[in-house]
Amino acid sequence: MDTHTETTPTIDLEPAARQIASLLDGIDEQQLDDPTPCPDYAVRELLAHLVGLTTAFRDAARKDLGPTTDTAPDASVPVLGDDWREALPPLLDELVTAWREPAARQGMTRAGSVDLPGEVALLVALDELVIHGWDLARSTGQKYEGDEAGLRASLAMLTPGDDNPRPESIFGPPVPVPADAPLVDRAIAMSGRRPDWEPGD
């Protein structure tokens, strides 16, 4: 993957993080067992995954490597704590702040038990927030307000190329969409999800 792009230094996680935080009050407790576009996750597991990845990538930015950064995302089904509504927003704020530090993007770090350059970890964190933010909105019947810069960065990271093998074992095969489809639909389709997914599909 070519990480030395002109867009990398300007990537900010705040819009994608803010979108996720804005969805939390719109989630009813009765929706926690509803399905999501992630086949192995109901809404509660998706929320638990968001808590875990936010913590892991915050610590990756800080180079605070340990259990949070050494655990593979598929090691076990994530368990949602009772305080998720209060716990996730400050974690998202900490994630945004941590990645605004120039040192976060320098050298190597670790997330999901994988060693990777800081610049790449930032892109992966952004993609996780963008795609799972859409997952959460779609699963709970809310509107997704993706920002253009985040969607374009996510789409570029997910699009296969000579320098970007895009392992389908992680994302699933891309879903065909028209070339003139909205940017959000193209990014979501490249992640292996159907842009028209609805609960019950």
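Scroll up a little and you will see the structure.
Residues numbered from 1 in each chain as written. Predicted model: local features only at pLDDT ≥ 70, side-chain atom pairs only at ≥ 80, totals over all residues. Heavy atoms only, no water.

**Quick word on unusual backbone geometry**
No. 1: A positive phi angle, close to 60 degrees, is found at Lys63, a residue other than glycine.
No. 2: Within the element layout of this structure, Lys63 appears in the loop between helix H2 (43-62) and helix H3 (67-70). (Helix = DSSP H or I, 4+ residues; strand = E, 2+ residues; numbered from the N terminus.)

**Let's talk about helix H1 (residues 14-23)**
No. 1: Buried within H1 we find Ala16, Ala17, Gln19, Ile20 and Leu23. The buried side chains of H1 occupy one side of the element, clustering within an arc of 155 degrees when seen end-on.
No. 2: Where H1 is buried, its residues meet H2, helix H4 (84-99) and helix H5 (118-139). (Buried < 20%, exposed > 50% of the residue type's maximum accessible area, 1.4 Å probe, protein only. Arc of directions from axis to C-beta. Contact = heavy atoms within 4.5 Å.)

**Topic: the pairing of strand E1 (residues 108-111)**
No. 1: Bridge count for E1 against strand E2 (residues 114-117) is four bridges, and the pairing is antiparallel. Paired with Met108 across the two strands is Pro117, which belongs to E2.
No. 2: Where E1 hands over to E2, the hairpin turn is made up of two residues, of which Gly112 adopts a positive phi near 60 degrees. (Pairing = 2+ DSSP bridges.)

**Some points on the packing of H1 against H5**
No. 1: At a minimum axis separation of 9 Å, H1 and H5 run at an interaxial angle of 25 degrees. When the interaxial angle is binned, H1 and H5 end up roughly parallel. Our pair here, H1 against H5, has a crossing hand that is left-handed. Between H1, through Ala16, Ala17, Ile20 and Leu23, and H5, the contact on the second element is made entirely by Leu126, Leu129, Val130, Gly133, Leu136 and Ala137.
No. 2: The residue inventory of the contact of H1 with H5, partitioned by class, reads nine nonpolar, one polar and no charged. (Axes fitted to C-alpha atoms, helices over the stretch in contact; angles between N-to-C directions. Parallel < 35°, antiparallel > 145°, perpendicular 65-115°, else oblique. Left-handed = near helix turned anticlockwise from the far one by under 90°. Nonpolar A, V, L, I, M, F, W, Y, C, P; charged D, E, K, R; others polar.)

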